[in-house]
Each structure stands twice: as structure tokens, then as C-alpha cells.
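Chain residues, written in single-letter form:
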Amino acid sequence: AQSVTQLGSHVSVSEGALVLLRCNYSSSVPPYLFWYVQYPNQGLQLLLKYTTGATLVKGINGFEAEFKKSETSFHLTKPSAHMSDAAEYFCAVSGSADALNFGKGTSLLVTP
Amino acid sequence: GAVVSQHPSWVICKSGTSVKIECRSLDFQATTMFWYRQFPKQSLMLMATSNEGSKATYEQGVEKDKFLINHASLTLSTLTVTSAHPEDSSFYICSATGRETQYFGPGTRLLVL
């Protein structure tokens, strides 16, 4: 069984500040890990994913995440927050191309 | 890139009626599609796995007779909410597996009055 835990249901950062959204996973097999963003009343957009290989994964909109097996973590970061980054972010895990198990989500607020 | 569409994007219906939601993969063939449900302020929960040409696999707690899934072709899966009730009001999102990646549709918002 696979699951993810997102620490912090709400995160608030100032515009230009570092964004750090935390995700820890549990998996009995090598995990595939994902971060998605959801804007209000819209579907999901894939930010980035880790399958195998390089543990630092770069995604769209300046986001990146690092797979740390020893810490069972896949935290999402962005060096400088923009107002347009305000959205709901979901971490997810799957075994391969199977269905995804999503975290509860983290709502990112960016203040001027 | 791959695109998955859903139709309709939103629907309002009366309690007791049935609603059909379509999920289409537009530029790739999807042997597997997934249906998720998202209640307000909550995460996505997997409802069922739809496999082309075979019966869908439902997650625990999801009534297969209420949520009918048909995956008749490699590009189309449908979810029918039968005898919808207000508690079925939710955001329904499908995804399709192609090129070892899941691609999500834009979602269908269902409101049952």
C-alpha cells in the first residue's frame, strides 16, 4: 500500500520568498511520486514527477522537488514565490502507472 | 502534449435523475482510465479503475450499481451517476494512462438539487 502525508494544510509566504511544501510518503515498492497544482474550480496540472534516476526533479513554473529515500520525503520548493503560485498543491504516489493516492493537499497563499 | 477532456464541465440535476459524464483521451489510446471524486476542500479520492473491454474495479465503499462505468473504447470512458442524490454533489475527475503517465481531465462539477 502507498500513501502520502502533506504536512501543513495551509502555507503562507510573502511574494519573492522561498516556497517549501512538505510531503512524506509510505510505499512498499519503489514509488513514483508526483506534485500537482489545482487552481480554483479547475482540474489538476502536473508540476513534476519522480520515477527513477536523478533524485532532484525540475518541473514547470520554477518548481522542483527532491526525492530523499532515507527521509521518505518528496518536498516541493520554489526559490521565489509569485502571486500566481497561490493554489492548492497535491502530492501523490503510485507504484507504476497505477492509480494515484493523493495527499490531503496544501493551500498556498502568497501575500504581497 | 496529451489531453484528456471531460464532458460536461458542470451539470445541475434534480434528485433521482441519472447523469452521464464522459472522459476522452484526445491524442492517445488509454487502456486504463481512473475516476476520482473530490469533495469541497478535500483531496481526490479514487472511485474506480476503468479498463477497456472489461469490468471496472471499484474502491471499497463505492457502490458499483450507483456509479456505472463503461470503457467501451480506448479513448472513451463514461461514468453514470444513477439516481443521484444531493450527497453525490462533487467534483468528478477522470484520468487516463498513456506513455506511462497519468493525464487528468479538467473535471466535472455535479450539483444535485
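What counts and how
Residues numbered from 1 in each chain as written. Chains lettered and ligands numbered in written order. Predicted model: local features only at pLDDT ≥ 70, side-chain atom pairs only at ≥ 80, totals over all residues. Heavy atoms only, no water. Contact = heavy atoms within 4.5 Å. Buried area = accessible area lost by both parts, 1.4 Å probe. Polar contact = N/O pair within 3.5 Å; in protein donor to acceptor, adjacent residues only side chain to side chain. Helix = DSSP H or I, 4+ residues; strand = E, 2+ residues; numbered from the N terminus. Nonpolar A, V, L, I, M, F, W, Y, C, P; charged D, E, K, R; others polar. Phe/Tyr/Trp six-rings, centres within 6.5 Å; stacked < 30°, edge-to-face > 60°. Lys NZ or Arg CZ within 6 Å of the ring centre and 35° of its normal. Pairing = 2+ DSSP bridges. Axes fitted to C-alpha atoms, helices over the stretch in contact; angles between N-to-C directions. pLDDT = per-residue confidence, 0-100. Buried < 20%, exposed > 50% of the residue type's maximum accessible area, 1.4 Å probe, protein only. Salt bridge = Lys/Arg side-chain N within 4 Å of Asp/Glu carboxyl O.

**Quick notes on the interface of chain B and chain A**
- Taken together, the contact pairs 17 residues of chain B with 15 residues of chain A.
- Interface of chain B and chain A: buried area, both sides summed, is about 1300 Å²; carbon and sulfur atoms make up 57% of it.
- Summed over the three residues of chain B that lose the most area to chain A, namely B:Ser43, B:Gln102 and B:Phe104, the buried surface amounts to 33% of that side.
- If you look at where chain B meets chain A, you find four residue pairs in polar contact (both at pLDDT 80 or more).
- Breaking the side of chain B that touches chain A down by element, the ones donating at least two residues are strand 4 (32-38), strand 5 (44-51), strand 9 (90-98) and strand 10 (101-104) of chain B.
- Its residues assigned to classes, the side of chain B that touches chain A comprises eight nonpolar, seven polar and two charged.

**Side note on the packing of aromatic side chains**
- For the structure shown, the criterion picks out twelve aromatic pairs over all chains.
- Pairing A:Phe102 with B:Tyr36 gives two aromatic rings, centres 5.6 Å apart and planes at 85°, and the pair type is edge-to-face. Of this pair, A:Phe102 sits in strand 10 (residues 101-102) while B:Tyr36 is found in strand 4, placing the two residues in two different chains.
- The aromatic ring of B:Phe67 is capped on one face by B:Lys66, whose charged end is 6.0 Å from the ring centroid.

**Brief notes about the sheet that holds strand 8 (residues 73-78) of chain A**
Residues and elements named next belong to chain A.
- The strand order 1-3-8-7-6 describes an open sheet built from five strands, whose pairing is antiparallel. Whereas interior strands pair on both sides, the edge strands pair on one side only; in this sheet they are strand 1 (2-7) and strand 6 (56-58). Sheet twist, expressed as the mean angle between neighbouring strand axes with direction ignored, is 20°.
- Where strand 7 (residues 64-68) lies against strand 8, five bridges are found, and the strand directions are antiparallel.

**Quick look at the confidence of the model for chain A**
- Per-residue pLDDT for chain A has a mean of 92; in total, 97% of the residues score no lower than 70.
- Mean pLDDT values for the elements of chain A range from 91 in strand 5 (residues 44-50) of chain A up to 98 in strand 8 of chain A.

**A short note on the pairing of strand 11 (residues 108-112) of chain B**
Residues and elements named next belong to chain B.
- Burial of strand 11 is one-sided: the residues Thr108, Leu110 and Val112 facing one way are buried, the residues Arg109 and Leu111 facing the other way are not.
- Bridging between strand 2 (residues 10-13) and strand 11 involves four bridges; their strand directions are parallel. Each bridged residue has a counterpart across the sheet, and for Ile12 the counterpart in strand 11 is Leu111.
- Sheet analysis places strand 9 next to strand 11, joined by three bridges and oriented antiparallel. Paired with Ser90 across the strands is Leu110, a residue of strand 11.

**So, the pattern of salt bridges**
Residue and element names in this part refer to chain B.
- One pass over the structure, following the stated rule, counts four salt bridges over all chains.
- Here Lys66 and Asp88 are joined by a salt bridge, their closest N and O atoms 2.9 Å apart. Here Lys66 is found in the loop between strand 6 (57-58) and strand 7 (67-73), whereas its partner Asp88 is found in the loop between strand 8 (76-81) and strand 9, with 22 residues between them in sequence. Residues Lys66 and Asp88 agree in their burial class; the two are buried.

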